[in-house]
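The chain contents come next:
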Amino acid sequence: MPEPLRTLPLEDGQKLREELQAAIKDSRRPAVVVISGNEVGLRRRLSQNAVLGRDSTNDVVLTDQGVSWRHARIEDRGDAWVVVDLGSTNGTVVNGARCAEKSLGHGDRIVLGRTVLRFELQDRLDEDYDEQLQRLLHVDDLSGLFVRRRFDRELALMVETARAQSGTVALLVMDMDGIKAINDRHGHLFGAYTIGETGKLIGRVLGARGIASRFGGDEFCAALTGVDVETAVAVAEEIRAAVAAFEYEREGVRLRPGISIGVGVFPTCGGDAERLFQVADEALYRAKQGGKNRVCR
């Protein structure tokens with residue numbers, strides 16, 4: 001005679017539901033992606049409560065002037081993720097409705113100022129796809145450094161933060177010497193190799209001290225916060241010396257490029273990112289005119 005079906009005790013059923021909910025939650029992790037605004041394309045995964053706003057210490061930094069310094073917070077309430085307005089000037093809007101707080105579901109749109117974010121629940125495959133997409137959007141394949149668009153955005157944020165905190169931002173504008181001769185004599189593949197290796201070298205020299213970008217061709221930029229002009233010039237000299245000492249070799253051919261660098265520091269050299277770049281670029285011009293393979297400020 002078959003054994004009769006047993007009813008699952010209530011307390012065991014509740015535990016099973018909780019374990020199932022936890023498993024589902026762990027397999028789908030929350031993230032926000034900016035789909036319109038200054039930071040379009042920016043994605044942030046959320047592992048805990050996150051504050052959004054213009055303050056550089058926030059978990060998600062938005063440079064939109066219509067966004068308050070601490071505009072909203074996304075909270076983990078255990079069984080749901082909730083966005084909470086933090087008394088912002090322009091309010092928090094979810095799916096077209098202004099709210100003080102609102103539970104979030106996959107695909108919900110959050111509007112802060114003129115910035116639109118999408119809330120997503122991602123599985124591991126989504127996360128892997130995001131990592132690849134972020135690299136395509138923000139990283140130069142040849143050098144491994146930021147593309148210009150991403151660097152410009154980060155530099156503007158650095159300058160705005162330094163202005164608010166009475167800090168400094170140093171900008172290094174760099175142009176390689178000798179690339180045209182390498183291209184003419186050995187071909188553009190040799191030139192591309194030299195540019196790529198130089199970008200990787202710049203990244204290694206900077207380390208965690210700053211950010212860098214290949215602006216296009218054989219031009220690079222780097223930015224560092226909290227340093228004076230003497231320190232910035234010293235870092236530039238590190239880069240110049242590293243390029244001079246590096247053994248560039250492709251297909252048995254030894255290559256000998258150099259690099260010229262111009263240095264400017266906010267706020268001494270300019271009141272915004274555009275003026276800072278202009279001053280550093282002028283210093284680069286002096287380095288080129290003065291004989292190349294040198295640092296000027």
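Refer to the preceding data block for the structure.
The structure presented is a predicted model; accordingly, all values stated were derived computationally and were not measured.

Enquirer: Break down the layout of surface pockets for me, citing the residues and quoting the values.
Expert: The calculated volume of the second largest pocket comes to roughly 160 Å³. If you list the elements that add at least two residues to the lining of the second largest pocket, you get strand 4 (60–61) and helix 3 (148–164). Considering each element in turn, the lining of the second largest pocket owes the most residues, 4 residues, to helix 3. Taken together, the residues of the lining of the second largest pocket break down into 4 nonpolar, 2 polar and 6 charged.

Enquirer: Residues and numbers for the packing of aromatic side chains, please.
Expert: In this structure the tally under the stated criterion is 3 aromatic pairs. Ring geometry for F151 and F215: centres 5.7 Å apart, planes at 80°, overall edge-to-face. Here the residue F151 occupies a position in helix 3, and F215 occupies one in strand 13 (residues 210–216), the gap between them amounting to 64 residues. The burial state of F151 is the same as that of F215; both residues are buried. Where F215 meets F277, the ring centres are 5.7 Å apart and the plane angle is 15°; that geometry is what we call stacked. With F215 in strand 13 and F277 in helix 7 (residues 273–289), this pair connects stretches of sequence that are 62 residues apart. Of note, R54 hangs over the ring of W69, and the distance from its end group to the ring centre comes to 4.5 Å. Cation over ring: R250 sits above F190, and NZ or CZ is 5.5 Å from the ring centre.

Enquirer: Any chance you could break down the nonpolar core for me, citing the residues and the numbers?
Expert: Ranked by internal contacts, the top residues of the largest apolar core, which has 33 residues, are L172, M174, I202, I261 and V263. For M174, the contacting residues outside a window of four places in its chain are I202, D218, E219, F220, C221, A222, I239, I259, S260, I261 and L284. Membership of the second largest hydrophobic core comes to 21 residues, among which are V32, V67, V94 and L121.

Enquirer: Summarise the sheet that holds strand 2 (residues 43–45); cite the residues concerned and give the values.
Expert: If you walk across this open sheet you meet the 6 strands as 2-1-11-10-7-8, and the pairing is antiparallel. Bordering the open sheet on either side are strand 2 and strand 8 (97–99), each of which pairs with just one other strand. Neighbour to neighbour, the strand axes of the sheet diverge by 30° on average, direction disregarded. Strand direction decides the pairing type here: strand 7 (residues 92–94) and strand 10 (residues 109–112), joined by 3 bridges, are antiparallel.

Enquirer: Account for the pattern of salt bridges, naming residues and giving values.
Expert: Overall, the coordinates contain 17 salt bridges when judged by the stated rule. Between R214 and D140 there is a salt bridge whose closest N-O contact spans 2.9 Å. In this pair, R214 sits in strand 13 while D140 sits in the loop between helix 2 (124–138) and helix 3, placing the two residues 74 residues apart along the sequence. This pair shows no difference in class: R214 is buried, exactly as D140 is. The partner of R209 in a salt bridge is E238, and the shortest N-O contact between them spans 3.2 Å. Of this pair, R209 sits in the loop between helix 5 (188–206) and strand 13 while E238 sits in helix 6 (residues 229–245), and the two are 29 residues apart along the sequence. For E238, a relative accessible area of 37% puts it in the partly exposed group. Salt bridges sharing partners connect three or more residues here, namely R73, E75, R77 and E101.

Cut-offs used in this document
- Sequence order as written defines the numbering, with residues in each chain counted from 1.
- Per-residue local features of the predicted model are confined to residues with pLDDT of at least 70, and side-chain atom pairs are confined, for both listing and counting, to 80 or more; whole-chain, interface and lining totals are unaffected and use all residues.
- Computation of side-chain values covers all heavy atoms of the structure but excludes hydrogens and water.
- Cavity means a closed set of points on a 1 Å grid over the protein atoms alone, one where a 1.4 Å probe fits but cannot get out, pocket means an open set with protein on both sides within 12 Å along at least 5 of 7 lines, and lining means a residue has an atom within 4 Å of a point.
- Grid points are joined across faces, edges and corners, and a volume is the space filled by probe spheres set on the points.
- Under the DSSP-based scheme used, a helix requires at least four consecutive residues in state H or I and a strand at least two consecutive residues in state E, with every element numbered from the N terminus.
- Only Asp, Glu, Lys and Arg are considered charged in this grouping, and only Ala, Val, Leu, Ile, Met, Phe, Trp, Tyr, Cys and Pro are considered nonpolar; every other residue, Gly among them, is considered polar.
- Here is the rule: rings of Phe, Tyr and Trp (six-membered ring for Trp) pair when centre to centre is within 6.5 Å. Planes less than 30 degrees apart are stacked, more than 60 are edge-to-face, and the remainder are tilted.
- For every residue, the accessible area (1.4 Å probe, protein chains only) is compared with the maximum for its type, and the residue is labelled buried under 20%, exposed over 50%, or partly exposed between those bounds.
- Counting as a charge over the ring demands two things of the Lys NZ or Arg CZ atom: a distance within 6 Å of the ring centre and an angle within 35 degrees of the ring normal.
- By nonpolar core we mean a set of buried residues, namely Ala, Val, Leu, Ile, Met, Phe, Trp, Tyr and Cys, connected to one another through side-chain atoms within 4.5 Å.
- By definition, residues are in contact when any of their heavy atoms lie within 4.5 Å.
- Whether two strands pair depends on DSSP finding at least two bridges between them.
- Lines fitted to the C-alpha atoms define the axes, with helices restricted to the stretch that makes contact. Angles between their N-to-C directions range from 0 to 180 degrees.
- The term salt bridge refers to a pairing of a side-chain nitrogen on Lys or Arg with a carboxyl oxygen on Asp or Glu at a separation within 4 Å.

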